[in-house]
Amino acid sequence: ITFATPTVPKAGALAVVAFEGATLSQGGTELDAAIGGFLARAVAANKTFKGKPGQAVTVLTPPGMDVNRVLVLGAGKADGLARKDLEHLGGALLAALAGAGEKEGAIDLRGVSGRDMTAEDVAVAVALGARLRSYRFDKYRTKKKDDEGNGPDRLTVLTEAAKPAKKAFEAMTK
């Protein structure tokens, strides 16, 4: 898990966040504007997606984008997500990437805020949730199926507070 300032990745999948009412976060809105409203139309076409926690929409990208797909992850109410909500978001991200067979992915956290949390805290909580979701207990498993993936090999958390988030995450996971 790495941290970087927000940019569109060159490969893999890019995840953005949507809140209840299928309202895209700042990162999602900016990406949507860059691709001519394609993302908002795709989300609106999915009648079951409401932006609730645990919901996700996979959108194959239009020609000209380097990423394979955009994952729109529901986070719930926009006003003040709790730390556990952000950790669940990180877990949902990893599950969605694994389900799509992606080996690398990134999540844009611009416009996502937590209750009494800085951008650094939000990024660390999402990264921690993804790390916890990646755990597998395989000690007694005899054989892994060929089509079973462990999820992505690389995950990048895109945040304006990349340097302090990296430092805090490394201190937490030592």
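On a predicted model such as this, the values are computed, not experimentally measured, just so you know.

Undergrad: Help me understand the packing of helix α4 (residues 119–133) against helix α5 (residues 162–172), please; the structure alone is not making it clear to me.
TA: Packed helices, taken two at a time, are described by the angle their axes make and the gap between the axes. Where α4 contacts α5, the two axes come as close as 9 Å, and the packing angle between them is 45°. Relative to α5, α4 is oriented oblique. Along this stretch, α4 crosses α5, giving a crossing that reads as right-handed. In this structure, α4 uses E120, A123, V124, A127, L128 and R131 to contact α5, whose residues at the interface are P164, A165, A168, F169 and M172.

Undergrad: I'm lost on helix α1 (residues 26–34) in this one. Help?
TA: For an α-helix, 3.6 residues make a turn, and residues three or four places apart therefore share a direction. Of all the positions in α1, only G27, G28, L31 and D32 are classed as buried. Take α1 and look down its axis: the buried residues cluster within an arc of 130°, on one side only. Of the residues in α1, the exposed ones pointing more than 90 degrees away from the buried face are A33 and A34. Against β2 (13–19), β3 (23–24), α2 (38–45), β5 (69–74) and β6 (104–108) lie the buried residues of α1. Looking one or two residues past α1, G36 carries a phi angle of roughly 75°, positive in sign.

Undergrad: In this structure, what is going on with the environment of R133? I would like to understand it.
TA: Here R133 shows up in helix α4. A relative accessible area of 46% means that R133 is categorised as partly exposed. Sequence-distant contacts of R133, that is, excluding residues within four places in its chain, are made with G91, L94 and A95.

Undergrad: Could you clarify how one ought to interpret the packing of α1 against α2 in this entry?
TA: Direction vectors running N to C along α1 and α2 enclose 110°, while the axes themselves pass 6 Å from each other. In terms of orientation, α1 and α2 fall into the roughly perpendicular class. When α1 is examined against α2, the residues G28, L31 and D32 are found in contact with a partner set consisting of F38, L39 and A40. Taken together, the residues of the contact of α1 with α2 break down into four nonpolar, one polar and one charged.

Undergrad: For this particular structure, what's the right way to read a nonpolar patch on the surface?
TA: A surface patch of nonpolar side chains, about 450 Å² in accessible area, is lined by Y135, F137 and Y140. Considering the arrangement of structural elements, one finds Y140 in the loop between α4 and β7 (154–158).

Quick notes on the rules
Per chain, the residues get numbers from 1 upward, laid out in the order the sequence is written. Under the rules for a predicted model, residues below a pLDDT of 70 receive no local features and side-chain atom pairs below 80 are neither given nor counted, while totals for whole chains, interfaces and linings still include all residues. The side-chain figures draw on all heavy atoms in the structure; neither hydrogens nor water molecules are used. Working convention: axes come from line fits to C-alpha atoms, limited for helices to the stretch in contact. Angles between N-to-C directions cover 0 to 180 degrees. Secondary structure is summarised from DSSP: a helix means a run of H or I of at least four residues, a strand means a run of E of at least two, and numbering begins at the N terminus for each. An angle counts as roughly parallel when it lies under 35 degrees, as roughly antiparallel when it exceeds 145, as roughly perpendicular when it falls between 65 and 115, and as oblique in every other case. With the far helix as reference, a near helix turned anticlockwise by less than a right angle produces a left-handed crossing, and one turned clockwise produces a right-handed crossing. Contacts between residues were defined by any pair of non-hydrogen atoms, one from each residue, lying within 4.5 Å. The cut-offs for exposure are 20% and 50% of the maximum accessible area for each residue type, with area from a 1.4 Å probe on protein chains only; residues under the lower value are buried, those over the upper are exposed, and the others partly exposed. Directions pointing from the helix axis toward each C-beta atom define the arc. Lys, Arg, Asp and Glu make up the charged group, whereas Ala, Val, Leu, Ile, Met, Phe, Trp, Tyr, Cys and Pro make up the nonpolar group; the residues left over, Gly among them, are polar. Residues with no salt bridge and a relative accessible area higher than 30% make up the patches, which join like charges within 9 Å and nonpolar side chains (Val, Leu, Ile, Met, Phe, Trp, Tyr) within 5 Å. Every accessible area reported is derived by Shrake-Rupley at a probe size of 1.4 Å, with residue values counting cover from the shown protein chains alone. Just to be clear on terms, a salt bridge is a Lys or Arg side-chain nitrogen sitting within 4 Å of an Asp or Glu carboxyl oxygen.

Spatial relationships are all this shows, so hold off on functional conclusions.
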